[in-house]
Amino acid sequence: MKRHLLALAFSFALFACGSDASRTTDLGQPPDASFFIPGPDAGPPSCPEAWKACSEAFTYPAGNETSVELRGDFRADGWMSGVAMVKLGNQWTAKVNVPYNKQVQYKFFTNGTTWTIDPAQPTITDASSSINNVRAPVQCAAPLCEEPGAVAAGVYDWRDAVIYFVFVDRFFDGNSANNCDVSGVSSSMVNYMGGDWAGLKKKIDDGYFADLGVNTLWVTVPADNTDEKGKGAGQDNHSYSAFHGYWPKNLDPKNPEGCFGSAADLKALIASAHGKGIKVLFDYAMVHVHKSAEIVSKNPSWFWPQYDGTRNCICGQGCDWNADGKRCWFTDYLPHWDYTNTAARAYSVQNVIDWVTEYGIDGLRLDAIKHVDDRWLTDLRARLTSGVVAEQSPQQRFYLVGETFSYTQSDLKYYVDPSSKLDGQFDFPERLALIKSVLMRKSDMSDLATFLDQNDEAYGANAVMSPFAGNHDLGRVIHMAEDTPLWDEWSNEDKSRSWSNQPTQPTAVSAYERLANAYAVLFTNRGAPLLYYGDEVGLAGAGDPDNRRMMPWSGLSTNQTFLRDRVSALLKIRAAHPATRRGKRTTMSASADTWLYKLSATGDELYVAINRSNTAATVNGLPSGSYSELLTNTAAAGGAGVLIPARQARVFVAK
Ligand SMILES: [Ca+2]
Ligand SMILES: [Ca+2]
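Read on for a plain summary of the structure. (Residues numbered from 1 in each chain as written. Chains lettered and ligands numbered in written order. Predicted model: local features only at pLDDT ≥ 70, side-chain atom pairs only at ≥ 80, totals over all residues. Heavy atoms only, no water.)

Before going further, it helps to examine the overall build of the chain. Counting secondary structure elements, the chain contains 14 helices and 29 strands. Computed over its C-alpha atoms, the radius of gyration of the chain comes to 26 Å, within 12% of the 26 Å expected for a compact globule of 655 residues. In terms of principal-axis extent, the alpha carbons of the chain reach across some 80 × 70 × 45 Å. Across the 655 residues in the chain, those meeting the buried criterion constitute 56%. Within the chain, contacts between residues separated by at least 24 positions form 71% of all contacts whose residues are at least 6 apart in sequence. The chain carries 61 positive and 73 negative side-chain charges, and their two centres are separated by 2 Å. (Helix = DSSP H or I, 4+ residues; strand = E, 2+ residues; numbered from the N terminus. Rg over C-alpha atoms; globule rule 2.2 N^0.38 Å. Buried < 20%, exposed > 50% of the residue type's maximum accessible area, 1.4 Å probe, protein only. Contact = heavy atoms within 4.5 Å. Lys, Arg positive; Asp, Glu negative; His and termini not counted. Charge placed at Lys NZ, Arg CZ, Asp CG, Glu CD.)

With that settled, the discussion passes to helix α3 (residues 197-205). For α3, the full list of buried residues reads W197, G199, L200, K203 and I204. Across the axial projection of α3, the buried residues extend over an arc of 160°, all falling on one side. Residues of α3 that are buried in the fold lie against β11 (163-166), α4 (208-212), β12 (216-219) and α5 (263-275). Once α3 ends, the next one or two residues include G207, with phi positive near 85°. (Arc of directions from axis to C-beta.)

Protein coordination of the calcium ion (ligand 2) is provided by D224 (OD), N225 (O), D227 (OD), E257 (OE) and E257 (OE), with donor distances spanning 2.4 to 2.9 Å. Spacing between the donor residues of the calcium ion (ligand 2) along the chain follows D-N-x1-D-x29-E. Placement of N225 in strand β13 (residues 224-225) and of E257 in the loop between β16 (248-250) and α5 is noted, with a sequence separation of 32 residues between them. Using a relative accessible area of 2% as the deciding quantity, one classes E257 as buried. (Donors = N, O, S within 2.8 Å, 3.2 Å for Na, K, Ca; no water.)

Let us now look at the nonpolar core. Judged by nonpolar contacts, the single largest core of 148 residues is most densely connected at Y164, F209, L364, L366 and W376. With 10 residues, helix α12 (residues 509-523) is the single largest residue contributor to this core. Formed by 18 residues, the second largest nonpolar core is a distinct cluster that contains M85, V98, Y100 and C140. (Core = buried A, V, L, I, M, F, W, Y, C linked by side-chain atoms within 4.5 Å.)

Taken together, D173 (OD), N175 (O), N178 (OD1), N179 (OD1), G194 (O) and D196 (OD) make up the protein donors of the calcium ion (ligand 1), found 2.2 to 2.6 Å from the metal. Here the calcium ion (ligand 1) is ringed by six donor atoms whose angles at the metal span 64 to 169°, and the overall shape comes out irregular. All donor residues of the calcium ion (ligand 1) come from one chain, and their arrangement in sequence is D-x1-N-x2-N-N-x14-G-x1-D. A relative accessible area of 28% places D173 in the partly exposed class. (Tetrahedral: all angles 85-135°; square planar, octahedral: opposite > 155°, others 65-115°.)

Everything listed is a geometric property; what it means functionally is a separate question.
Here it is in structure tokens:
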């Protein structure tokens, strides 16, 4: 074990030094020198075949261009964002790492506008009849070991993101002067509670997110919402305010929601976030606007009529949620955009671009994406690529994460394609598997392992999905971790206690420990994991709206602080260990109650053990050797099984 890790460290250093053999003496004489010397075509020890890469020079004959980018399939997003070439004498050049022994297609992008090939280099006609340059497979003598999908220097890798959903109205009241009160709503629970952008900025400035290990904020829809009351989701006959942000009235980015503050407040919060290396995603609601929106009376043809001639086309009433999903109204005061109308679509896409450029945000969370015409999404991606990303240097990946509330992978996958649609979606199917195995103990841990093995690649190598345990539409996840869960794994009954008999904060430590185990899985596996505000302290609550209680900033129980500390510890492990974010997972053992897996990436390897049972369990599969356990800061030995306490996770790294 020890020798294996040393080998990885050695090969990493060797290749980082450009294969300069003289540098190997800096590292001292390894115990078995022959083991470390790559033979012809051998590559570094333990490098998966798919990770091997060769450094290759590309050239383009210089004319009077002002810039040339090399683009191609040498990298996961290589067709979307290229590598800037440097002009040397009479040619542009760039060195890039290409996959080992694989053909590469490429093209040149000149002056930031024009695709071109070099006719002097070999060409190929691809599946879409486009002519590209082509380079035959290369087998270099000493391949690099590079994880697939790695992005260029200076470009943010969204696999490193940890997303936190800030429900602005319920997070922190930083300025009581902007507080709103909508008269006639059914309860204070569905009125504005005072949270605002100034409050969020304060928590950013105080270091709350840095302490927790969060580096990306998803912020509720900032557009000005109606001041009217309306019935709640699911027609529960209560009157709500628009505290959630999903009833937009005025889409002008310069006049955002006054109940959350001013445009200057919003810009200040983004500046604070960016100053601390925190990305910001805005929630964007593009399915509908509130009926009071001026745009509805001005352009009635831009919206589907509520009555389609024969039916009252409310989703779930006269119209079907699925069959009519792209046109039915969610409720009778939310006119549904008709994006088959070209002018309506162009207006809406431009409005998104206006928000993005006004605030300089890094991505968007797109609400209920399956309920809009597909062209809205492909138009938006094209506009972002040509009009926002193209102006950046280096060009960043603008992250689009969608919500498709479905437990069927193909439903989600349809919208995932980073070049033309979404980068990823909230992973509802993974949530179901996670909850069933880790929290509710209805499926075995080995079932979760099997599910994740096929889920990892289900959305394509370039996707960055967002796995999660809780969100704002489902009853709080802590109650699914209780000894007797309060509703089923589909959250079917979570609304039955929204308005009465609301759940109190669980007192048994078991629920918090189980949720911590779910986070151990989420935070040591791929994707940009999502934390719903309050779930880091296991905040209580039934379905909407009881799942949107005010964030507690004091009076936490020891169970709650245990959970928050565990989240923070896991996220610090995630930050320190690339294998958790982009590694290859190998199950070492899996049973009904336990799972032990290895994560490996270049120069990084660790083992994660989970025991969901109510008693300590011996977990097999940790190889012989001496380890540090990162959650308890203790030493551990592999070989024979390791004893994992009841409802605990452990993370081992070789000493
Ligand atoms: Ca306020
Ligand atoms: Ca408003």
